[in-house]
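Overview (structure and organization)
Spelled out from the first residue to the last, the chains are:
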Amino acid sequence: MVSMKDISAVCGVSVATVSKALNDQNDIGKETKRRIRQVAEEMGYFPNTAAKMLKTNRSYNMGVLFNDEDYSGLTHDYYAYVLDSLKRTVEAKGYDITFVNTSRHRAGAMSYLEHCKSRGFDGVAIVCTDFYSPEILQLVRSGIPTVTLDHLFNNVCAVMSNNVQGMQDLLTYIYKKGHRRIAYIHGADSAVTQSRLSSFYRTAGQLGLTVPDEYIRMSPYRDTKGAYRETMSLLDLEKPPTCILYPDDFSSFGGYNAIKARDMRVPDDISIAGYDGIRVARHIEPTLTTLRQDTAELGRQVGEKLISLIEYPKTTLIETIVVEGNVFEGNSVAEINA
């Protein structure tokens, strides 16, 4: 294995100079740095990770806890794009990511905290999980640098999509299209659901909309069968809505199917809208009106905040970062006479 001592002998410089060049420090000349790096590449040098860990007391590896309730994993459109952005952000700063083992079924399985410690993670991004489980509380209270996505804990950094403003913008857009009978099929109980549902009611009140109790339904996120069933129930009402909001874009496909099964068309006979802004929803006809979340910015903020907590623990503020979304108008909400 090629060492820095070998490179220093070829280049005729000290080992310290080689180290500075390979670590991109600025107190050596650009030409010297360029030559040392070129020689290192030609000689097939790879940094000794174990030695770097001993010197810096860091592993340059961070854990990502991702355990979605419907077990869709990385096929989950929204989280896949968030995680891709997170991965690109931390890798650009020299960090790797490793998923925290979320298999809890085998006997003697380690807790999340034990797994993070055994892997020597410098920090943990909690992207999706049961935030109320005792294991999660143990992890966030452990002192390991932690950033959460779309959930708030005391004294823990969080990156949040602005679900309150997002729902307000989406409902206001539908109202301006002339709709007054608007139903909302929301997701299962969570902090995100609570924010969106509260915003829906508040915005409806501000707009002067009456929302009958039968217009509010529940179906789990990404559950097309549940969305299909609740859509059928809404269409069976004596006075059905003119527009239905779904918990997420993927669920809205169940709504599309239910409406089609009734020999109805979107948006000619009834309008629909989703939430998230997944790409596949832009490639169906009619294109889905939705609240597009900024997944690239969400992932970037999680990554940058976690790196800051790791590298500057004494000066990094414990704060909540809010990321805005925007309404993607699509073609699934018709303009009607109020």
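Structural notes, computed from the coordinates. Predicted model, so just to flag it, every value in this text is computed and none were measured.

The rules behind the values
As a convention, each chain's residues are numbered from 1 in the sequence order in which they are written. Per-residue local features of the predicted model are confined to residues with pLDDT of at least 70, and side-chain atom pairs are confined, for both listing and counting, to 80 or more; whole-chain, interface and lining totals are unaffected and use all residues. The side-chain values count all of the structure's non-hydrogen atoms but skip hydrogen atoms and water molecules. Secondary structure elements are defined from DSSP: runs of H or I of at least 4 residues count as helices, runs of E of at least 2 residues count as strands, and each element is numbered from the N terminus. C-alpha atoms define the radius of gyration in this analysis, and the globule rule sets the expected value at 2.2 Å times the number of residues to the power 0.38. Here's how the labels work: a residue is buried when its accessible area is under 20% of the maximum for its type, exposed when over 50%, partly exposed in between, all with a 1.4 Å probe on protein chains only. Residue contacts are defined here by distance: any two heavy atoms, one from each residue, within 4.5 Å place the two residues in contact. Accessibility throughout is a Shrake-Rupley quantity obtained with a 1.4 Å probe, and a residue counts as covered only by protein chains that appear here. When DSSP finds two or more bridges between two strands, those strands count as paired. For helices, the axis comes from a line fit to the C-alpha atoms of the stretch in contact; other axes are also lines fit to C-alpha atoms, and the angle between any two N-to-C directions lies between 0 and 180 degrees. By definition, a salt bridge exists where a carboxyl oxygen of Asp or Glu is found within 4 Å of a side-chain nitrogen of Lys or Arg. Oblique is the label for every angle not falling under 35 degrees (roughly parallel), over 145 degrees (roughly antiparallel), or within 65 to 115 degrees (roughly perpendicular). Crossings are classed by handedness, with left-handed meaning an anticlockwise turn of the near helix from the far one by less than a right angle and right-handed meaning a clockwise turn. Residue types Ala, Val, Leu, Ile, Met, Phe, Trp, Tyr and Cys, when buried and joined through side-chain atoms within 4.5 Å, form a set referred to as a nonpolar core. Helix span, as expected, comes to 1.5 Å for every residue beyond the first. This arc corresponds to the set of directions leading from the helix axis out to the C-beta atoms.

1. Regarding the overall build of the protein chain
A count of helical and extended segments in the protein chain gives 12 helices and 12 strands. In terms of overall size, the protein chain is more extended than a compact globule, its C-alpha atoms giving a radius of gyration of 25 Å where 338 residues would be expected to give roughly 20 Å. Here the C-alpha coordinates of the protein chain stretch approximately 85 × 45 × 35 Å along the principal axes. Across the 338 residues in the protein chain, those meeting the buried criterion constitute 48%. In the protein chain, once contacts between residues fewer than 6 apart in sequence are set aside, the share between residues at least 24 apart is 69%. In the structure as shown, the protein chain presents an accessible area of about 17300 Å², 49% of it carried by carbon and sulfur atoms.

2. Things to note about the sheet that holds strand β2 (residues 96-99)
Adjacent strands of a sheet form backbone hydrogen bonds with each other and so pair up, either parallel or antiparallel. What the 6 strands build is an open sheet, ordered β2-β1-β3-β4-β5-β11; its pairing is parallel. The sheet is open, and its two edges are formed by β2 and β11 (320-323), each paired on a single side. Across the sheet, the mean angle separating the axes of adjacent strands is 20 degrees when strand polarity is ignored. Across 4 bridges, strand β1 (residues 61-66) lies against β2 in parallel orientation. In the sheet register, Met-62 faces β2, and the bridge partner there is Ile-97. The strands that helix α5 (residues 77-92) touches are β1, β2, β3 (124-128) and β4 (146-149); relative to β1, the one it contacts most, it runs at about 175 degrees. Packing against the sheet, helix α12 (residues 295-311) makes contact with β1, β3, β4, β5 (157-161) and β11, and its axis sits at approximately 165 degrees to β4.

3. Remarks on the pattern of salt bridges
A side chain with one charge can pair with a side chain of the opposite charge if their charged atoms come near. In the structure shown here, the tally under the stated rule is 13 salt bridges. The residue Glu-31 makes a salt bridge to Arg-34 at a minimum N-O spacing of 2.6 Å. With Glu-31 and Arg-34 both in helix α3 (residues 30-43), this residue pair falls 3 residues apart, about one helical turn. Since its relative accessible area comes to 49%, Glu-31 is described here as partly exposed. Given a relative accessible area of 43%, Arg-34 falls into the partly exposed group. The partner of Glu-319 in a salt bridge is Lys-305, with the nearest N and O atoms 2.6 Å apart. Of this pair, Glu-319 sits in the loop between α12 and β11 while Lys-305 sits in helix α12; the two residues are 14 residues apart in sequence, bridging distant segments of the chain. Taken together, the shared-partner salt bridges in this structure form one network comprising Arg-217, Arg-229 and Glu-230.

4. Some remarks on the packing of α5 against α12
α12 packs onto α5 with a crossing angle of 40 degrees between their chain directions and a minimal axis gap of 7 Å. As far as their axial angle goes, α12 and α5 are oblique. Two packed elements cross with a definite hand, and for α5 against α12 that hand is right-handed. Contacts from Tyr-78, Tyr-81, Val-82, Ser-85, Leu-86, Thr-89 and Val-90 in α5 reach Thr-295, Ala-296, Leu-298, Gly-299, Arg-300, Val-302, Gly-303, Glu-304 and Ile-307 in α12.

5. Let's talk about the sheet that holds strand β6 (residues 182-186)
Within the open sheet, the 4 strands sit side by side as β7-β6-β8-β9. Their pairing is parallel. Every other strand in the sheet has two partners, leaving β7 (216-218) and β9 (271-273) as the edge strands with one partner each. Looking at each pair of strands side by side, their axes are set apart by 20 degrees on average, direction ignored. The pairing of strand β8 (residues 243-245) with β9 spans 3 bridges and is parallel. Bridged to Cys-243 within β9 is Ser-271. Across the sheet, helix α8 (residues 163-176) touches β6, β8 and β9, and the angle it forms with β8 is around 170 degrees. Contacting β6, β7 and β8, helix α10 (residues 224-235) crosses the sheet at an angle of about 155 degrees to β6.

6. Re the nonpolar core
Ile-174, Phe-200 and Leu-245 are the most contacted members of the largest nonpolar core, which totals 36 residues. Mapped onto this core, the elements with two or more residues apiece are α8, β6, α9 (191-207), α10, β8, α11 (249-261) and β9. The leading source of residues in this core is α8, at 5 residues. For Ile-174, the residues in contact, after removing those within four places along its chain, are His-179, Ile-182, Cys-243, Leu-245, Ala-273 and Val-333. Formed by 26 residues, the second largest nonpolar core is a distinct cluster that contains Met-62, Tyr-95, Val-159 and Val-323.

7. Here's the deal with α8
Its 14 residues give α8 an end-to-end C-alpha distance of 20 Å, which sits within 8% of 20 Å, the value for a rise of 1.5 Å per residue. Looking only at α8, the buried set comprises Asn-163, Gly-166, Met-167, Leu-170, Leu-171, Tyr-173 and Ile-174. Down the axis of α8, the smallest arc covering the buried residues is 155 degrees, so these residues share one side. The positive-phi residue at the C-terminal boundary of α8 is Gly-178, with phi of around 105 degrees.

8. Observations concerning the environment of Val-64
Tracing the backbone through its elements, the reader meets Val-64 in strand β1. Assessed through its relative accessible area of 1%, Val-64 is described here as buried. With sequence-adjacent residues up to four places away left out, Val-64 is seen in contact with Leu-83, Leu-86, Ile-97, Thr-98, Phe-99, Val-100, Ala-125 and Val-127.

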